[in-house]
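Remarks on the overall topology
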Amino acid sequence: MTDLLTDPQLTWFLARATGYISLVLITLSLVLGIGSSTRMSTSGWPRFVTQALHRNISLLVLVLLAIHIGAVILDDFVTITIIDSFVPFVGSYRPIWLGLGVLSSDLLIAVAVTSELRHRIGYDTWRAIHWTSYLCWPLAIMHSLGTGTDTRKGWAVWLVVACVALVLLALAWRIVEGWPRRAALRAGAIV
């Protein structure tokens, strides 16, 4: 254990691990959000469980994202500053791919903050900002594909493929569930 704590690559390993775990959790959060919006529930799985999991996983993503960003800033392999971590597309290291990740994290922070302020900013404002989570997730996917050292390894590619498949299945279910009984509502969900 002490060897790990003194390993100069600790920040590199921490950045990689928290990045991929965050990607999986943001995928689960999005899927649970989709399930919650369609009022997904059964007698053994009430809707409030889906909502609570969605909220708690989203908060865990924020914690892991903070660790990911901190580890990337502390790592000496490449120079990424605090400014690079919060202002999209200004960094010198893979600026497009890093910028997509920064934009994703900025949107995620906006969604989380407005969710906490929902009762003060009103439902319509909260909902408009919350819809950006549909943009946040693909930006995170693109960031994971373009940044880092594991992007071309089989396990990383399959992890991203699994995340994409899970979200596509959830979106398809959202659109199809209740059709044609809720055709107008489902059409509104697409727009």
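Counting restarts for each chain: residues are numbered from 1 in the order of the written sequence. Side-chain atom pairs in this predicted model are given and counted only at pLDDT of 80 or more, local residue features only at pLDDT of at least 70, and totals for whole chains, interfaces and linings cover all residues. Each side-chain value is worked out from all heavy atoms of the structure, with water and hydrogens disregarded.

1. Comments concerning the environment of Ala-156
Under the convention used in this document: For helices the rule is a DSSP run of H or I covering at least 4 residues; for strands it is a run of E covering at least 2, with both sets numbered from the N terminus onward. Here's how the labels work: a residue is buried when its accessible area is under 20% of the maximum for its type, exposed when over 50%, partly exposed in between, all with a 1.4 Å probe on protein chains only. It only takes one pair of heavy atoms within 4.5 Å for two residues to be counted as in contact.
Within the element layout of this structure, Ala-156 appears in helix α9 (residues 154–176). Overall, the relative accessible area of 2% leaves Ala-156 in the buried class. Along the sequence, Ala-156 and Leu-145 sit 11 residues apart, while their C-alpha atoms lie 8.6 Å from each other. Among all residues touching Ala-156, those that are not within four sequence positions of it are Tyr-20 and Asp-150.

2. Let's talk about the pattern of salt bridges
Formally: Within this document, salt bridges are pairs made up of a side-chain nitrogen of Lys or Arg and a carboxyl oxygen of Asp or Glu, the two lying within 4 Å of each other.
Here the structure, examined in full by the defined rule, presents three salt bridges. Of the charged contacts, one joins Arg-16 and Asp-150 as a salt bridge, the two residues approaching to 2.5 Å between their closest N and O atoms. Taken together, the residues span a long stretch of sequence, with Arg-16 in helix α2 (residues 10–37) and Asp-150 in the loop between α8 (133–146) and α9 at a distance of 134 residues. Taking the relative accessible area as the measure of exposure, Arg-16 reaches 22% and is therefore partly exposed. Two residues, Glu-116 and Arg-55, come together in a salt bridge whose shortest N-O distance is 2.6 Å. You can see Glu-116 sitting in helix α5 (residues 95–116) and its partner Arg-55 sitting in helix α3 (residues 47–74), a full 61 residues away along the chain. Of the residues examined, Glu-116 reaches a relative accessible area of 42% and is grouped as partly exposed.

3. Quick look at the packing of aromatic side chains
Applied cut-off: Two rings from Phe, Tyr or Trp (for Trp, the six-membered ring) form a pair when their centres are within 6.5 Å of each other. A pair whose planes differ by under 30 degrees is stacked, one over 60 is edge-to-face, and the rest are tilted.
Counted under the stated rule, the structure contains four aromatic pairs. An angle of 40° between the planes, with centres 5.6 Å apart, marks the rings of Tyr-123 and Trp-126 as tilted. Taken together, the residues span about one helical turn, with Tyr-123 and Trp-126 both in helix α7 (residues 123–130) at a distance of three residues. Assessed through its relative accessible area of 12%, Trp-126 is described here as buried. Their ring planes at 35° and their centres at 5.1 Å tell us that Trp-131 and Tyr-134 sit as a pair that is tilted. Taking relative accessible area as the criterion, Trp-131 reaches 29% and is therefore assigned partly exposed.

4. Quick look at the side chain of Asp-84
In plain terms, the rule: For the purpose of charge, His is not counted, nor are the chain termini; Lys and Arg are scored as positive and Asp and Glu as negative. The term polar contact refers here to a pair of N or O atoms within 3.5 Å; inside protein, the definition further demands a hydrogen-donor-capable atom paired with an acceptor-capable atom, and it admits residues adjacent in sequence only when both atoms are side-chain atoms.
Residue placement: Asp-84 occurs in helix α4 (residues 82–86). Despite its burial, Asp-84 remains without a salt bridge, the nearest opposite charge being carried by Arg-94 at 13 Å. In terms of polar contacts, Asp-84 uses its side chain to reach the backbone amide nitrogen of Thr-81, at 3.0 Å. Setting aside anything within four residues of it in sequence, one finds Asp-84 in contact with Thr-79, Val-90, Gly-91, Leu-98 and Val-102.

The analysis is restricted to geometry; functional conclusions fall outside its scope.
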